[in-house]
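Structural overview
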Amino acid sequence: MTTFDVPADATPAADSGALATERFHSDKSPFEAVKDTPRERVDLLAREVLEAVHATIRKHRVSYDEYNALKAWLIQVGQDGEWPLFLDVWVEHVVEEVATDHRQGNKGSIEGPYYVPNSPDLGPVGTMPMRPDERGTRLVWNGTITSTDGTPLAGKVELWHADDDGYYSQFAHGLPEWNLRGTFSTGADGKFQITTIQPAPYQIPTDGACGKLIAAAGWHAWRPAHLHVKVTAPGHELLTAQLYFPGDPHNEDDIASAVKPELLLNPVPQPDGPSTVEYSFVLDPVGS
Ligand code: DHB
Ligand code: FE
């Protein structure tokens, strides 16, 4: 098992968890979108999930001690505000797979708990907001947004990612509000150029309920280094994705199971400046 190297001033899980929970609630009620769901579907989904739990209990003869530990742990996930973390790490990737399997363009990856809308708009060419002494390898990324038929699209790339210590602004202490969060709006040619830093591999918080499960099961808490994006254009399906870096030891065993081969970047180090990378997005027209 990997040992956890948590700095003494690390943001406690209960803080980042509470912030992630607050963020999730702040947009709109998630119940609104499902308010017309027929009772038959609620019955079917709830029943089959419970039947899967019952089958596991029978198969492995789960004891009362184990049942009580589960109960205490579930209560702690809520108290630590870690439901967004738990669900986005261990469940979301399958929801994403089902939601995008019809696409001809990019299929994408999970959103995770740390997206914040309305980051500063930097136009088609810009540098991500960052501290003057921001650590990490500089990266210049060129790409184009197109439709599945190849037409360039005037759209937006919203980019957010962790810093060189694995922290996201607005979910950790001491970072400027929009650090490493920006929106790049393309013109009719669909082209963008983004300057940023390469983020570090990221450990999901290890001192809360999720960390307790990871330690008890002998898992590790790592996600490979990744850039998060949301790509939009009028008349096209929203693409939520993550992009990864070749050679990261956790590309093969991401705790969130969110790496796909087509999401690997290919940065090219340059002798006299930042690494350069090319990666473009293809969006599916709505209803195609
Ligand atoms: C989690 C964090 C991430 O940065 C991510 O991309 C996915 C999941 C998490 O802590 O749950
Ligand atoms: Fe992330």
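About the thresholds
Residues numbered from 1 in each chain as written. Chains lettered and ligands numbered in written order. Predicted model: local features only at pLDDT ≥ 70, side-chain atom pairs only at ≥ 80, totals over all residues. Heavy atoms only, no water. Helix = DSSP H or I, 4+ residues; strand = E, 2+ residues; numbered from the N terminus. Buried < 20%, exposed > 50% of the residue type's maximum accessible area, 1.4 Å probe, protein only. Contact = heavy atoms within 4.5 Å. Polar contact = N/O pair within 3.5 Å; in protein donor to acceptor, adjacent residues only side chain to side chain. Salt bridge = Lys/Arg side-chain N within 4 Å of Asp/Glu carboxyl O. Near = heavy atom within 4 Å. Areas by Shrake-Rupley, 256 points an atom, 1.4 Å probe, with all protein chains shown as cover. Nonpolar A, V, L, I, M, F, W, Y, C, P; charged D, E, K, R; others polar. Axes fitted to C-alpha atoms, helices over the stretch in contact; angles between N-to-C directions. Parallel < 35°, antiparallel > 145°, perpendicular 65-115°, else oblique. Core = buried A, V, L, I, M, F, W, Y, C linked by side-chain atoms within 4.5 Å. Pairing = 2+ DSSP bridges.

1. Quick word on the environment of Asp163
Within the secondary structure, Asp163 sits in the loop between strand 3 (156–161) and strand 4 (181–185). Asp163 gets classed as buried once you look at its relative accessible area, which sits at 2%. For the pair Asp163 and Gly208, spaced 45 residues apart in sequence, the C-alpha separation works out to 21 Å. For Asp163, the residues in contact, after removing those within four places along its chain, are Arg131, Glu134, Leu175, Leu180, Ile197, Pro199 and Ala200. Polar contacts involving the side chain of Asp163 include one to the side chain of Arg131, which spans 3.2 Å.

2. Section: the pattern of salt bridges
Opposite charge on two side chains permits pairing when their charged atoms draw close. Considering all chains together, one arrives at 12 salt bridges under this definition. A salt bridge links Asp165 to Arg135, with the nearest nitrogen and oxygen atoms 2.9 Å apart. Remark: Arg135 occurs in the loop between strand 1 (125–127) and strand 2 (138–147) and Asp165 occurs in the loop between strand 3 and strand 4; sequence separation between them is 30 residues. A relative accessible area of 47% means that Arg135 is categorised as partly exposed. A network of salt bridges, in which partner residues are shared, links Asp43, Arg47 and Glu51.

3. Details of the site of ligand 1
In the neighbourhood of ligand 1, 13 residues make up the surrounding shell, with Leu85, Val89, Tyr168, Arg223 and His228 lying closest. Contact between ligand 1 and Tyr202: an oxygen atom at 3.4 Å from a side-chain N or O atom of the residue. His228 has a polar side-chain atom sitting 3.0 Å from an oxygen atom of ligand 1. Across the complex, the protein chains shield 100% of the 290 Å² of accessible surface that ligand 1 would expose by itself. A per-class count over the shell around ligand 1 returns eight nonpolar, four polar and one charged.

4. Considerations on the packing of helix 4 (residues 83–90) against helix 6 (residues 209–217)
Put simply, helix 4 and helix 6 touch, their axes get as near as 9 Å, and they point 45° apart. Looking at the two axes, helix 4 sits oblique to helix 6. Where helix 4 approaches helix 6, its residues Leu85, Phe86 and Trp90 are matched on the opposing element by Cys210, Leu213 and Ile214. Considered class by class, the residues forming the contact of helix 4 with helix 6 number six nonpolar, no polar and no charged.

5. Some thoughts on the nonpolar core
Residues Trp141, Val157 and Phe281 are the most contacted members of the largest nonpolar core, which totals 51 residues. A total of four residues in this core trace back to one element, the largest contributor, which is strand 9 (residues 239–244). Apart from residues no more than four positions distant in its own chain, Val157 is found in contact with Ile145, Gly182, Thr183, Phe184, Phe192, Ile194, Val229, Lys230, Val231 and Phe281.

6. Observations regarding the pairing of strand 4
Among the five residues of strand 4, five are classified as buried, and the element is accordingly described as predominantly covered. Burial along strand 4 is two-sided: the face carrying Arg181, Thr183 and Ser185 and the face carrying Gly182 and Phe184 are both buried. Pairing analysis gives five bridges linking strand 3 to strand 4, with the strands arranged antiparallel. Across the sheet, Trp160 pairs through a bridge with Arg181, a residue of strand 4.

7. Describing the side chain of Thr183
Residue placement: Thr183 occurs in strand 4. Not counting residues within four places of it along the chain, the set of residues in contact with Thr183 comprises Ser119, Pro120, Asp121, Leu122, Gly123, Lys156, Val157 and Glu158.

8. Overview of the pairing of strand 9
Counting buried positions over the six residues of strand 9 gives six, a clear majority of the element. Residue alternation in strand 9 divides its side chains into two sets, Leu239, Ala241 and Leu243 and Thr240, Gln242 and Tyr244, and both sets are buried. As paired elements, strand 8 (residues 226–232) and strand 9 share six bridges and run antiparallel to each other. Looking across to strand 9, one finds that Leu227 is bridged to Leu243. Here strand 8 hands over to strand 9 after six residues, with Gly235 in that stretch at a positive phi of 75°.

9. Quick look at unusual backbone geometry
Positive phi outside glycine occurs at Asn118, with the angle close to 65°. Looking at the element boundaries, Asn118 is found in the loop between helix 5 (92–100) and strand 1. On the basis of relative accessibility, which here comes to 66%, the residue Asn118 falls in the exposed class. Positioned with a positive phi, Gln170 is a non-glycine residue whose angle comes to about 75°. With respect to the helices and strands, the residue Gln170 is situated in the loop between strand 3 and strand 4. By relative accessible area, Gln170 is classed as partly exposed at 26%.

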